[in-house]
Amino acid sequence: GAVVSQHPSWVICKSGTSVKIECRSLDFQATTMFWYRQFPKQSLMLMATSNEGSKATYEQGVEKDKFLINHASLTLSTLTVTSAHPEDSSFYICSATGGKNIQYFGAGTRLSVL
Amino acid sequence: AQTVTQSQPEMSVQEAETVTLSCTYDTSENNYYLFWYKQPPSRQMILVIRQEAYKQQNATENRFSVNFQKAAKSFSLKISDSQLGDTAMYFCAFMKFNYGQNFVFGPGTRLSVLP
């Protein structure tokens, strides 16, 4: 099956610093990638949809200046949490759409902001 | 807008028994996809099964099968011969028919398989 690699799996940072999370489709070209946020014991909340070579589409209530998304190639999308604060601590998951209208998910990144 | 409801926050089943997880959805679309994903303690989302709305036949993947009732907008998941490794959160998801559309996830059902 299609593989999506997400890195890092866990990151701890100080308040005010920026953190970059990478999402790579390893064996297929992903025209569209998605970024989700998941709070403990809750469902996935879509943050933004990213299409290669164009600006990301953010969901209502998601700060685009706080969560910078870049989708520079068909296999790589990045999410940068800028000036992170403790309330940004969460589990972030990316996914990529292959040719069968199926979303393949990365293993997620646990962000802890001190 | 589409919504997905999973009315069972938690369920448990004895090993080797059968369990059914419920999912209902609301949409005005005629063509769409429905999915069941599982999220084990590792938190990796894993595709369990996929159903195209234009197909009347219910999808089956080994021990996993669905009961898709389009008119009732119901999409339940049956797990037969439950195994300890089936313990996970299960999410029902809806996607419009067009390529690259985002998912709408339900709130999830936490399934525990008991030895």
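Treat the numbers as computed from the prediction; the structure is a model and nothing was measured. (Residues numbered from 1 in each chain as written. Chains lettered and ligands numbered in written order. Predicted model: local features only at pLDDT ≥ 70, side-chain atom pairs only at ≥ 80, totals over all residues. Heavy atoms only, no water.)

Undergrad: A description of the overall build of chain B should follow, citing residues and the corresponding values.
TA: Counting secondary structure elements, chain B contains zero helices and 12 strands. Each helix and strand of chain B, placed in order from N terminus to C terminus, yields the pattern β-β-β-β-β-β-β-β-β-β-β-β. Relative to the 2.2 N^0.38 estimate, which gives 13 Å for 115 residues, the radius of gyration of chain B is 14 Å and therefore close to what a compact globule would have. Here the C-alpha coordinates of chain B stretch approximately 40 × 25 × 25 Å along the principal axes. Pairs at least 24 apart in sequence give 55% of the contacts found in chain B among residues at least 6 apart. Accessible surface, chain B: about 5600 Å² in total, of which carbon and sulfur atoms supply 45%. (Helix = DSSP H or I, 4+ residues; strand = E, 2+ residues; numbered from the N terminus. Rg over C-alpha atoms; globule rule 2.2 N^0.38 Å. Contact = heavy atoms within 4.5 Å. Areas by Shrake-Rupley, 256 points an atom, 1.4 Å probe, with all protein chains shown as cover.)

Undergrad: Break down the packing of aromatic side chains for me, citing the residues and quoting the values.
TA: Counting across every chain of the model gives 20 aromatic pairs over all chains. With centroids separated by 6.3 Å and ring planes inclined at 85°, the aromatic side chains of Phe91(B) and Phe105(B) adopt a geometry described as edge-to-face. Of the two residues, Phe91(B) is situated in strand 10 (residues 88-96) and Phe105(B) in strand 11 (residues 103-105); the sequence distance between them amounts to 14 residues. Note on accessibility: Phe91(B) and Phe105(B) belong to one class, buried. Positioned above the aromatic ring of Phe91(A) is the side chain of Arg43(B), whose terminal nitrogen or guanidinium carbon lies 3.8 Å from the ring centre. (Phe/Tyr/Trp six-rings, centres within 6.5 Å; stacked < 30°, edge-to-face > 60°. Buried < 20%, exposed > 50% of the residue type's maximum accessible area, 1.4 Å probe, protein only. Lys NZ or Arg CZ within 6 Å of the ring centre and 35° of its normal.)

Undergrad: Please set out the interface of chain A and chain B residue by residue, giving values where relevant.
TA: Listed per partner, the contact involves 23 residues of chain A and 22 residues of chain B. Viewed at the interface, chain B and chain A are joined by zero salt bridges. For the pair chain A and chain B, the number of links is six residue pairs in polar contact (both at pLDDT 80 or more). Taken together, the residues of the side of chain A that touches chain B break down into nine nonpolar, 12 polar and two charged. (Salt bridge = Lys/Arg side-chain N within 4 Å of Asp/Glu carboxyl O. Polar contact = N/O pair within 3.5 Å; in protein donor to acceptor, adjacent residues only side chain to side chain. Nonpolar A, V, L, I, M, F, W, Y, C, P; charged D, E, K, R; others polar.)

Undergrad: Explain the pairing of strand 4 (residues 32-38) of chain A to me, and be specific about the residues and the numbers.
TA: Residue and element names in this part refer to chain A. Most of strand 4 sits out of view: seven of its seven residues are buried. Neither face of strand 4 is open: one carries Thr-32, Phe-34, Tyr-36 and Gln-38, the other Met-33, Trp-35 and Arg-37, and all of them are buried. Pairing between strand 4 and strand 5 (residues 44-51): seven bridges, direction antiparallel. Bridged to Arg-37 within strand 5 is Met-45. Counted between consecutive antiparallel strands, the loop separating strand 4 from strand 5 contains five residues, among which Lys-41 sits at a positive phi close to 60°. The sheet contact formed by strand 4 and strand 9 (residues 90-97) spans seven bridges and is antiparallel. Residue pairing in the sheet places Tyr-36 in a bridge with Ile-93 of strand 9. (Pairing = 2+ DSSP bridges.)

Undergrad: Which residues make up the state of the cysteines, and what are the values?
TA: For the coordinates displayed, the defined rule picks out two disulfides over all chains. Disulfide partner of Cys23(A): Cys94(A), at an S-S distance of 2.0 Å. Judged by the sign of its S-S torsion, about 80°, the cystine formed by Cys23(A) and Cys94(A) is right-handed. Here Cys94(A) lies in strand 9 and Cys23(A) lies in strand 3 (residues 19-25), a separation of 71 residues in the sequence. An identical accessibility class is assigned to Cys23(A) and Cys94(A); each is buried. Across the disulfide, Cys23(B) is cross-linked to Cys92(B) (sulfur-sulfur distance 2.0 Å). (Disulfide = S-S within 2.5 Å.)

All we've got here are geometric facts, nothing functional implied.
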